[in-house]
Amino acid sequence: MKLTFVSLSLALGLVLTGPVLGAGDNVEINPPAEGSVNREDGLAAWDRIYEVASHPRCANCHTGADNRPMWSGPSYGRARKHGMNVNAGESRIGAEFVLCSTCHAYRENLHDVPHAAPQVAMNWQLAPVEAEWFGKSSEYICNQLRDPERNDGRDYLALAEHLDHDLILHWAWNPGGGREPAPYDLQSHVNDILVWGVAGYPCVND
Ligand code: HEC
Ligand code: HEC
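As recorded in an unreviewed UniProt entry, the chain goes by Putative Isoquinoline 1-oxidoreductase subunit and comes from Candidatus Rhodobacter oscarellae.

This is how it looks when you write it as structure tokens:
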């Protein structure tokens, strides 16, 4: 299932052209030298990572075991569960009910229409339950993201590569329809992941 998701995004990234950013060729992955980042700088990078991870454009999909996406952020008014009773099921793609891709397909003409379903040229779906971020503290997300048991075995380089290959992330910084983009930009976010990793993945509670 995870493999399908990744290979699909890679395949689509290769054939897509036009206004949507392709995946896999937009950021440079240049980690600082081993041992060159101290804890303080690592924690400062983590604070910026948390600002991104907890932002509605990211956290709305990183929800927990009730399998419900969130609608939150200024363009949604008050924070609430996704309308129309949408439920992603354990499949996290809505296979048990209505597939997310029924509405979240890729129709370029809908990209900038307020309140249209966000359109991305890959399977729209919730993040794994282990990566639940919505409403979670900086300390909680920090510990999850450095735990191979809960982050799909990714070290900081694998996290950085995942970020570049994922079209959903490119959408989060260019969400259209009057939505607020995630803070900073993809390259800065990837740089922060590398700095945090080289610093030894510090979290405030260590
Ligand atoms: C019947 C159509 C429909 C289906 C099915 C659907 N969505 Fe949506 N979704 C929407 C619409 C419309 C919006 C935007 C609402 C707005 O901006 O007011 C939206 C917005 C979202 C958002 C908020 C994105 C953001 O941060 O701006 C998330 C997250 C989301 N959907 C996840 C899902 C997931 C996961 C599924 C499958 C389980 C799903 N949706 C199925 C129509 C749908
Ligand atoms: C449409 C829903 C959706 C949105 C929006 C979204 N993600 Fe995700 N995220 C996923 C899915 C699905 C996965 C699992 C993908 C995989 O493992 O290949 C995932 C996995 C991740 C992972 C791997 C973490 C782990 O512990 O496994 C990171 C890091 C991540 N997302 C970061 C972000 C960031 C940063 C944003 C906002 C800029 C964001 N995501 C927005 C759906 C989403």
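On we go.
> Can you walk me through the site of ligand 1 in this structure?
Neighbouring residues of ligand 1: 26 residues in total, closest Pro69, Ala88, Cys100, Cys103 and Ala117. When grouped by side-chain class, the residues that make up the shell around ligand 1 number 16 nonpolar, 8 polar and 2 charged.

> Explain the packing of helix H5 (residues 156–165) against helix H7 (residues 186–198) here, please?
Two packed helices can be described by the angle between their axes and the distance between those axes. Relative to each other, H5 and H7 sit at 170°, their axes nearing to 9 Å. One element, H5, and the other, H7, form an angle in the roughly antiparallel class. Contact with H5, carried on its side by Tyr156, Leu159, Ala160, Leu163 and Asp164, involves Leu186, His189, Val190, Ile193, Leu194, Trp196 and Gly197 of H7 and no other residues of that element. Grouping the constituent residues of the contact of H5 with H7 by class yields 9 nonpolar, 2 polar and 1 charged.

> What am I meant to see in the site of ligand 2 here?
Around ligand 2 lies a shell of 23 residues, among which Cys58, Cys61, Ala127, Asn151 and Ala172 are the nearest. Taken together, the elements giving at least two residues each to the shell around ligand 2 come down to helix H1 (2–15), helix H2 (39–53), helix H3 (56–59), H5 and helix H6 (167–172). A breakdown of the residues in the shell around ligand 2 according to their chemical character gives 16 nonpolar, 4 polar and 3 charged.

> Before we go on, may I ask you to explain unusual backbone geometry in this structure?
It is generally the case that most residues other than glycine have a negative phi and that most peptide bonds are trans. Positive phi values are uncommon outside glycine, yet Met84 reaches one of about 60°. Turning to its location among the elements, Met84 is positioned in the loop between strand E2 (80–81) and helix H4 (138–145). Exposure remark for Met84: the 7 C-beta atoms within 10 Å place this residue in the exposed category. The backbone phi angle of Tyr201 is positive, close to 55°, even though this residue is not glycine. Position of Tyr201 relative to the elements: it lies in the segment after H7.

Criteria and thresholds
- Residues numbered from 1 in each chain as written.
- Chains lettered and ligands numbered in written order.
- Predicted model: local features only at pLDDT ≥ 70, side-chain atom pairs only at ≥ 80, totals over all residues.
- Near = placed C-beta within 6 Å.
- Nonpolar A, V, L, I, M, F, W, Y, C, P; charged D, E, K, R; others polar.
- Axes fitted to C-alpha atoms, helices over the stretch in contact; angles between N-to-C directions.
- Helix = DSSP H or I, 4+ residues; strand = E, 2+ residues; numbered from the N terminus.
- Parallel < 35°, antiparallel > 145°, perpendicular 65-115°, else oblique.
- Contact = placed C-beta atoms within 7 Å.
- Buried ≥ 20, exposed ≤ 12 C-beta atoms within 10 Å, placed from the backbone.

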